[in-house]
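# Report on the structure
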Amino acid sequence: MNRVIFTEKAPAPIGPYNQAILAGNTLYVSGQIPVDPTTGEVVWGIEAATVQVMENLRAVLAEAGATFKDVVKTTIFLNDMGQFAQVNEVYGRYFEEETAPARETVQVAKLPKGVEVEISCIAVI
């Protein structure tokens, strides 16, 4: 049976989806954007935005009893691949290089609320 994961420590969904679904021991975390869950405001500036996205992911993972060490796959969506280095630097603070998850990074035309970055992940717990 699937279990919906929700925490007020991450932004509430802005559509017909959940923050995450736990299916067996696999956690599917929806893409997180840089919205501060306490204010509902978008965080701007690619480095600060990436930190907010990663903290939102951390909050959803924690609600399910997981950490970044449990993450096996991530997807990074950027609206400008020219910001890859800055995003990668911040992202790298959250994972140990030897055990970092599989990942792809893609440039997209537009993201929700006009943000610069969105990241989703899959964890096994």
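This write-up is about the structure you can find in this document. (Residues numbered from 1 in each chain as written. Predicted model: local features only at pLDDT ≥ 70, side-chain atom pairs only at ≥ 80, totals over all residues. Heavy atoms only, no water.)

## Concerning the nonpolar core
- The biggest cluster of nonpolar side chains holds 29 residues, and the ones touching the most others in it are Leu-27, Leu-61 and Val-117.
- Put simply, the parts of the chain that give this core at least two residues each are strand S2 (20-23), strand S3 (26-32), helix H1 (46-63), strand S4 (71-78), helix H2 (84-92) and strand S6 (117-124).
- With 8 residues, H1 is the single largest residue contributor to this core.
- In contact with Leu-61, other than residues within four places in its own chain, are Leu-27, Val-29, Ala-66, Thr-67, Phe-68, Val-71, Cys-121 and Ala-123.
- Counting 5 residues, the second largest nonpolar core, distinct from the first, contains Ile-33, Val-42, Leu-111 and Val-115. (Core = buried A, V, L, I, M, F, W, Y, C linked by side-chain atoms within 4.5 Å. Buried < 20%, exposed > 50% of the residue type's maximum accessible area, 1.4 Å probe, protein only. Helix = DSSP H or I, 4+ residues; strand = E, 2+ residues; numbered from the N terminus. Contact = heavy atoms within 4.5 Å.)

## So, H2
- Where H2 is concerned, the buried positions are Val-87, Val-90 and Tyr-91. Angularly, the buried residues of H2 cover 100° about the axis, an arc narrow enough to put them on a single face.
- Where H2 is buried, its residues meet H1, S4, strand S5 (102-107) and S6. (Arc of directions from axis to C-beta.)

## Here we look at the packing of aromatic side chains
- Considering all chains together, one arrives at 3 aromatic pairs under this definition.
- Considering the side-chain rings of Phe-68 and Tyr-94, the 5.3 Å spacing of their centres and the 65° angle between planes classify their relative orientation as edge-to-face. You can see Phe-68 sitting in the loop between H1 and S4 and its partner Tyr-94 sitting in the loop between H2 and S5, a full 26 residues away along the chain.
- Note on Phe-68: relative accessible area 8%, which makes it buried.
- With a centroid separation of 4.8 Å and 40° between ring planes, the pair formed by Tyr-91 and Phe-95 is classed as tilted.
- In this structure Tyr-91 comes out as buried when scored by relative accessible area, which is 5%.
- Grouped by ring-pair contacts, the aromatic residues Phe-68, Tyr-91, Tyr-94 and Phe-95 constitute a single cluster.
- Over the aromatic face of Tyr-91 sits the side chain of Arg-103, whose NZ or CZ is 4.7 Å from the ring centroid. (Phe/Tyr/Trp six-rings, centres within 6.5 Å; stacked < 30°, edge-to-face > 60°. Lys NZ or Arg CZ within 6 Å of the ring centre and 35° of its normal.)

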